[in-house]
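Listed here are the chains, written in short residue letters.
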Amino acid sequence: MDRWVQSACVLCSNGCGCDIAVKDGRMVGVRGRAEDIVNHGRLGPKGLFGSWQAHRTDRLTQPLIRRHGVLVETDWDTAMSEVVHRSQELLAEFGSSSHGFYTSGQLFLEEYYTLGVIGKAGIGTPHMDGNTRLCTATAAAALKESFGSDGQPACHTDIDLCDALFLFGHNMAATQTVMWARVLDRLAGPDRPRVVVVDPRRTPVAESADVHLAPLPGTNQALMNGLVRAVIEHGWVDHDYVHRHTLGFDELKSTVEPYTPEHVAEICRVSPVDLLRAAEIFGTSQRVLSTVLQGFYQSHQATAASCQVNNLHLIRGLIGRPGSGVLQMNGQPTAQNTRETGANGDLPGFRNWDNEQHVQELARLWKVDPLTIPHWAPPTHAMQIWRYAEQGSIKFLWISATNPAVSLPELSRIRAILSKKDLFVVAQDGFPTETTELADVVLPAALWGEKQGTFTNLSRVVHLSEQAVEPPGEARSDLDIFLDYASRMGFRDRDGDPLIKWKDAEGAFDAWRECSRGRPCDYTELTYEKLRGGSGIAWGPERLYADGHFPTAADYCEDYGHDLLTGAQTTPTEYKAQRPDGRAFLKAAEYLPPHEQANATYPFLCTTGRSVYHFHTRTKTGRSPELRRAAPEPWVEMSPEDAAELGFGDGDVVLVESERGSVKVPVRIGRCRGGVVFLPFHYGYWDVEHDGHERAANELTLTEWDPVSKQPLFKLSAVRIRRA
Amino acid sequence: MHLATYLGLLHGSLRTLAGAFREVAKGHGEEPDVASTCQVLAKRLDGQVEKLGPIVERYGEHRESEPERLHAAEFEQTRSGGVGLLRDLQDLYALASFTDITWTVVGQAAQGLRDKELLDVVSSCEKDTARQLAWLKTRMKQSAPQALIASRE
């Protein structure tokens, strides 16, 4: 080993501080950084084995271009000339709305910000989003609806300090192992906190719970309304806090009134006694920490249900205090940065697209006409971008660092869109993927450890990741690729100077700091110098909203909010009339039955989810021998009772079919509640001989999304199962 | 008293609007958010019709002799494509505005009559009527630029 290089792990949203070991110009290992506030030196299986091992396998090392239907190797100049030529041609003929950008939760802050400025001030397209729509959109939406702006209220230390921990649709032991280890410290230590878990599966997390509520998929909102009602009914409300710091209590109270324990039990098929026990734990504990993830975010009424978690904390006044608060979790490691910098479509710095002053600020900063910056409607969400591409009005789609051909719902449709003749697809990645196979131009990208940049974890902690080694072959950093595109496109500001004024990661970071000045996510105190050595550093105070003052003032907030049932926007006038002035919103919504229901033909409800050993579509983790061995193949998990009734034993190969497609996988008898089956979503087909379409869970999933966050409903597909 | 005439108008137009939302849901299944939201709004309109039932029983309802200018049947042929969606949503907006103002007029009569039951019905339906219009406007604002500028269908 020659040297250690400071970094942080990019294989889940926990973002553990780590060092990369370098020997002879190659990465040879990692270690956790003991002084880091996030992980105290720990690393999980993905971090230990998936972060660096894949780097020297079958990488993309040269640009590819499609010639006569086949991808062939080419040089950078040819590839970029083709991209720029198509881009300019389409802009001239069809305008900026012909362009869409679909990015990732894997790039660095500097890359997202650069991409955001290119899209908004260079091209001027509203069509920018990414994979984070599938993982973290509801976290952002729920924070905006309740508190006026994105920004994680709680911090990791709250795990150490809480006396009750609620996990809502969050299998932390599979998704954030190091965070879970911190919880295990508490569970095995003195003053064990009480734990409540909401999950239709009996996960390891659920097994450690004092109360496990396993509602039927699609009924979270009914359950949450029941919890809120019980807390109000039993007088566990901090009325003084509610009066001084919130709006909407009366409407919340009347909305949840019908959700008696018996009524909720009937809808969700949970025990009314357990529901009341959970409410009592929430209502009587002094310090409550809640975490929320995909079981809520990727399900029916996602934003509404996630807002009810915020509501529970608001009505008890348990937010912004040591051990008390909400962690609306992120899925991917750098998802927070795409939300902050606007590569997901939001305006940078948590600015409000519907606030003319905020648009003017950006126009001044970038020295462009405010009309260039698209702000006539909310930014186009991912599912709508794909729809426009399907309909042919988006003709240029640039995909960076993600794999929609495996991760999006209803994959047969996505393959058809990516293969369309009138859609020019640029795919930028470190590895050949199911998506790059369908692209017109493939750009080889440098990965973590091969480039410099920062990223921010789920608790707002920013880490600097230094370049440890050179990228393989001709691969370039995503930042360099975007800078090259901007320069070739000749984007200029109003003074005739180049629109993008930075040349490297630190320059991009400094430009971003200026953009964030005075906004809730203010990075002006942070520099590369400060981030070197020691621990990662959070933006903002340790906990947000300690003073009960929320970023809801009309001229400051990130969003004016929505009707939770339909997604109808609150107008600026309506918003101002409520005079929120720093008070949080107690948003309410009744439960609506989901459209997709189990029925006579498709009697089971299928949820999809994660394995502890893989990240996303296994692009990296599937190339690590240890992780590959640990979870080599997809499976379907079902309850012992359902398996017995269908006559299936462990390992029997079955077909799981929905209206949209099918998968062929072995049965694993396990943790599901009756009537519910589970498929891991990681498995595509880059590593099998045949087309492999029977492996991917998203062959089955449906094209539908939450009305507010626009996050697709991966957790709710009606399926049938038969022996293959 | 002409309240019965207006109750007839309201009763009829709520049913028409519910039917129209259902037709648009059916015709635009490829826009899943439009389809699902239209279904949700149609179902809630059924609830409004139900709430109005006892009032109609009390006052009766007259059907106007003048020719009807709003027909749900016209929604059976939904349009296609980006502009088609926009036009269908715009027709829904016109119909929803009609019921909205009809509620307002009925509400005024309820105030004059000091009819507590009718006032409660009006106020409980106000939010849903506003919700229909707000959603239609939101969705149309979102679709308009793409449909009118970028689309070449």
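Fair warning: this is a prediction, and the values are worked out from it, not measured in the lab.

(A) Molecular detail of the sheet that holds strand S19 (residues 537-538) of chain A. Residues and elements named next belong to chain A. With antiparallel pairing, three strands are arranged side by side in an open sheet as S17-S18-S19. A single partner strand is all that each edge strand has here, and the edge strands are strand S17 (453-456) and S19. Pairing of strand S18 (residues 461-465) with S19, which is carried by two bridges, proceeds in the antiparallel orientation. Along S19, the bridge assignment pairs valine 462 with isoleucine 537.

(B) Region of interest: the side chain of Thr703(A). The residue Thr703(A) is located in the loop between strand S25 (676-680) and strand S26 (717-723) in this model. Here the side chain of Thr703(A) touches Glu410(A) through a polar contact of 2.4 Å, side chain to side chain.

(C) Spotlight on the pattern of salt bridges. In this structure the tally under the stated criterion is 65 salt bridges over all chains. Put simply, Arg387(A), Glu390(A), Arg413(A), Glu30(B), Glu31(B), Asp33(B) and Arg139(B) are held in one network by salt bridges that share partners.

(D) Summary view of the environment of Leu362(A). All names here are of chain A. Here leucine 362 shows up in helix H18 (residues 356-366). Taking the C-alpha atoms as reference, leucine 362 lies 8.9 Å from arginine 351; in sequence the two are eleven residues apart. In this structure, leucine 362 is in contact with Leu347, Pro348, Arg351, Ile373 and Cys515, ignoring residues within four places of it in sequence.

(E) Local environment of the domain arrangement of chain A. Residues and elements named next belong to chain A. Split into domains, chain A comes out as domain 1 (64-134 + 335-516), domain 2 (137-329 + 551-585) and domain 3 (604-723). Each partner contributes residues to the interface: domain 1 has 18 residues there, and domain 2 has 27 residues. For the pairing of domain 1 and domain 2, the buried interface totals around 1,700 Å² over both sides, and the portion due to carbon and sulfur atoms is 43%. In terms of surface lost to domain 2, no three residues of domain 1 exceed Arg339, Phe350 and Leu458, which account for 36% of the buried area on that side. Where domain 1 meets domain 2, there are two salt bridges. Arginine 339 serves as the salt-bridge partner of aspartate 150, at 2.7 Å between the closest nitrogen and oxygen.

(F) Spatial organisation of the packing of helix H2 (residues 76-94) of chain A against helix H22 (residues 478-489) of chain A. Residue and element names in this part refer to chain A. The geometry of H2 relative to H22 is characterised by a closest axis approach of 10 Å and an angle of 55 degrees between their N-to-C directions. The pairing of H2 with H22 is recorded here as oblique in orientation. Crossing angle aside, the handedness with which H2 passes H22 is right-handed. Only Ile481, Asp484, Tyr485, Arg488 and Met489 of H22 make contact with H2, whose side of the interface consists of Trp76, Asp77, Met80, Ser81, Val83, Val84, Ser87, Gln88 and Leu91. Along the lines of polarity and charge, the residues of the contact of H2 with H22 split into eight nonpolar, three polar and three charged.

(G) Up close: the nonpolar core. Residues and elements named next belong to chain A. In this structure, Phe168, Phe296 and Ile315 are the most contacted members of the largest nonpolar core, which totals 73 residues. It is helix H10 (residues 220-233) that contributes the most residues to this core, eight residues altogether. When sequence neighbours within four positions are dropped, the list of residues in contact with isoleucine 315 reads Val228, Val231, Ile232, Val237, Asp238, Val242, Phe249, Leu252 and Leu586. One finds Phe94, Leu362, Ile500 and Trp502 within the second-largest nonpolar core, a separate group that totals 62 residues.

(H) Unusual backbone geometry, seen in detail. Residues and elements named next belong to chain A. In this structure, arginine 269 is a non-glycine residue whose phi angle is positive, near 55 degrees. Assignment of secondary structure puts arginine 269 in the loop between helix H13 (261-268) and helix H14 (272-284). The backbone of tyrosine 545 shows a phi angle near 65 degrees, a positive value even though the residue is not glycine. Looking at where tyrosine 545 falls in the secondary structure, it is placed in the loop between S19 and helix H25 (572-577). Judged by its relative accessible area of 9%, tyrosine 545 falls in the buried class.

(I) Layout of H14(A). Residues and elements named next belong to chain A. With 13 residues, H14 should cover 18 Å at 1.5 Å per step; its first-to-last C-alpha distance of 18 Å lies within 8% of that length. When H14 is considered as a whole, its buried residues turn out to be Leu275, Ala278, Ala279, Ile281, Phe282 and Gly283. Between the side-chain oxygen of the N-cap and the backbone nitrogen of valine 273 there are 3.1 Å, and the N-cap of H14 in question is serine 271.

(J) Fine view of the interface of chain B and chain A. With 25 residues of chain B at the contact, the number on the chain A side is 26 residues. Across the chain B/chain A interface, buried area totals approximately 2,300 Å², and carbon plus sulfur atoms make up 52% of it. The shortest N-O distance in the salt bridge between Glu251(A) and Lys127(B) comes to 2.5 Å. Where chain B meets chain A, there are twelve residue pairs in polar contact (both at pLDDT 80 or more). Contributions of two or more residues to the side of chain B that touches chain A are made by helix H2 (32-59) and helix H4 (116-150) of chain B. Of the residues forming the side of chain B that touches chain A, the biggest block, twelve residues, is contributed by H4(B). Its residues placed into classes, the side of chain B that touches chain A shows seven nonpolar, nine polar and nine charged.

(K) A nonpolar patch on the surface, seen in detail. A cluster of nonpolar side chains, contributed by Met1(A), Trp4(A) and Val28(A), occupies part of the molecular surface with about 270 Å² of accessible area. Of note, Val28(A) is situated in strand S3 (residues 26-32).

(L) Main features of the sheet that holds strand S8 (residues 164-168) of chain A. Residue and element names in this part refer to chain A. In space, the five strands of this open sheet follow the order S10-S9-S8-S12-S13, with parallel pairing throughout. Of all strands in the sheet, those bounded by a partner on one side alone are strand S10 (211-213) and strand S13 (325-328). Between one strand and the next, the sheet's axes are offset by a mean angle of 10 degrees, whatever the strand orientation. Examined bridge by bridge, strand S9 (residues 194-198) and S10 share three bridges and lie parallel to one another.

(M) Fine view of H4(B). Residues and elements named next belong to chain B. For H4, with 35 residues, the first-to-last C-alpha span of 52 Å sits near the 51 Å given by 1.5 Å per residue. If you look at H4, its biggest bend is around 40 degrees, right at serine 143, and the proline proline 145 turns up within four residues after that. One side-chain oxygen at the N-terminal end of H4 lies 3.2 Å from the backbone nitrogen of glutamate 117; it belongs to aspartate 115.

Quick notes on the rules
Residues numbered from 1 in each chain as written. Chains lettered and ligands numbered in written order. Predicted model: local features only at pLDDT ≥ 70, side-chain atom pairs only at ≥ 80, totals over all residues. Heavy atoms only, no water. Pairing = 2+ DSSP bridges. Helix = DSSP H or I, 4+ residues; strand = E, 2+ residues; numbered from the N terminus. Polar contact = N/O pair within 3.5 Å; in protein donor to acceptor, adjacent residues only side chain to side chain. Salt bridge = Lys/Arg side-chain N within 4 Å of Asp/Glu carboxyl O. Contact = heavy atoms within 4.5 Å. Domains from an automatic or database assignment. Buried area = accessible area lost by both parts, 1.4 Å probe. Axes fitted to C-alpha atoms, helices over the stretch in contact; angles between N-to-C directions. Parallel < 35°, antiparallel > 145°, perpendicular 65-115°, else oblique. Left-handed = near helix turned anticlockwise from the far one by under 90°. Nonpolar A, V, L, I, M, F, W, Y, C, P; charged D, E, K, R; others polar. Core = buried A, V, L, I, M, F, W, Y, C linked by side-chain atoms within 4.5 Å. Buried < 20%, exposed > 50% of the residue type's maximum accessible area, 1.4 Å probe, protein only. Expected span 1.5 Å × (residues − 1). Patch = residues over 30% accessible without salt bridge, like charges linked within 9 Å, V, L, I, M, F, W, Y side chains within 5 Å. Areas by Shrake-Rupley, 256 points an atom, 1.4 Å probe, with all protein chains shown as cover. Bend = angle between axes of the 7 residues up to and from the residue.

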